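Residue-level listing of the chains:
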Amino acid sequence: MTESVTESQASVTTVVSRVVDYPVKTVWAALLSSAGQTALLGEGASLGDKGDTWKAADGTWGVTRSYHPCEEIRFSWHKDEESPKTWVEITLTQPSPSQTKIQISHDHSNADFDVAKVTAHWKAALERIAQVAL
């Protein structure tokens, strides 16, 4: 698993990634399954098509902004109703025919976030997603 944090004056982006031993179509199907949605966003959340709102039982919520099957999904992510929006992008790439790299990028510009906590959150989500893909 890899992780990085890039910072500029106006932006902080946390990036975590993991390679799993499954083809992209298998990982995409797992990610969009009910268990995959829970693994990614938490109980009760379900990403939909572009423009659809999602909300998890823990109060986090957002709106799907971009949806490209087997490639990428991008959505806004809010800690709660009063929090500023941040952006999360999940991308899938294929380093080999039987492997998929899952990358989660979280841009939390203009938001007061604990970078270590955000990084740990998405690393744990990647672990849960990998288990769903099994």
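Computed from a predicted structure; not experimentally measured.

K.L.:
What is the right way to look at the packing of aromatic side chains in this model?
P.N.:
Where two aromatic rings form a pair, the distance of their centres and the angle of their planes describe that pair. Under the definition given, this model contains three aromatic pairs. Ring plane angle 65° and centroid distance 5.7 Å describe the contact between W28 and Y67, whose orientation is recorded as edge-to-face. In this pair, W28 is assigned in helix α1 (residues 24-32) and Y67 in strand β4 (residues 61-68), connecting sequence segments 39 residues apart. Since its relative accessible area comes to 28%, Y67 is described here as partly exposed. Taking NZ or CZ as reference, R74 lies 4.8 Å from the ring centre of W87, over its face.

K.L.:
What should I look at first to understand the pattern of salt bridges in this one?
P.N.:
Pairing is possible between side chains of opposite charge, provided their charged atoms come close. All told, the structure shown has two salt bridges when counted by the stated rule. Here E81 makes a salt bridge to K55, at a shortest N to O gap of 3.1 Å. Of the two residues, E81 is situated in the loop between β5 (72-77) and β6 (86-96) and K55 in strand β3 (residues 53-55); the sequence distance between them amounts to 26 residues.

K.L.:
It is not clear to me how the pairing of strand β2 (residues 12-20) should be interpreted in this structure. Could you clarify?
P.N.:
Along any regular strand the residues' side chains alternate between the sheet's two faces. Along β2, seven of the nine residues are buried, which leaves the element largely enclosed by surrounding structure. Bridge count for β2 against strand β7 (residues 99-107) is eight bridges, and the pairing is antiparallel. If you follow V20 over to β7, its bridge partner there is T100.

K.L.:
So what exactly am I meant to see when it comes to helix α3 (residues 115-133) here?
P.N.:
Structural remark: α-helix, 3.6 residues per turn; residues separated by three or four positions point the same way. Compared with an ideal rise of 1.5 Å per residue, which puts 19 residues at 27 Å, α3 spans 27 Å between its outermost C-alpha atoms and is within 8% of the ideal. Among the residues making up α3, those that are buried are V118, T119, W122, A125, L126, I129, A130 and A133. Buried residues of α3, seen end-on, are gathered within an arc of 140° and therefore sit on one face of the element. Summarising the geometry of α3, the exposed residues directed more than 90 degrees from the buried face are A116 and K117.

K.L.:
Help me out: how do you make sense of the pairing of β4 in this one?
P.N.:
Relative to β4, β3 runs antiparallel, the two sharing three bridges. Paired with W54 across the two strands is G62, which belongs to β4. Connecting β3 to the antiparallel partner β4 that follows it, the hairpin turn spans five residues, and G59 within it adopts a positive phi of roughly 100°. Relative to β5, β4 runs antiparallel, the two sharing four bridges. Across the sheet, the residue bridging to H68 is E72, located in β5.

So, how was this worked out
Residues numbered from 1 in each chain as written. Predicted model: local features only at pLDDT ≥ 70, side-chain atom pairs only at ≥ 80, totals over all residues. Heavy atoms only, no water. Phe/Tyr/Trp six-rings, centres within 6.5 Å; stacked < 30°, edge-to-face > 60°. Helix = DSSP H or I, 4+ residues; strand = E, 2+ residues; numbered from the N terminus. Buried < 20%, exposed > 50% of the residue type's maximum accessible area, 1.4 Å probe, protein only. Lys NZ or Arg CZ within 6 Å of the ring centre and 35° of its normal. Salt bridge = Lys/Arg side-chain N within 4 Å of Asp/Glu carboxyl O. Pairing = 2+ DSSP bridges. Expected span 1.5 Å × (residues − 1). Arc of directions from axis to C-beta.

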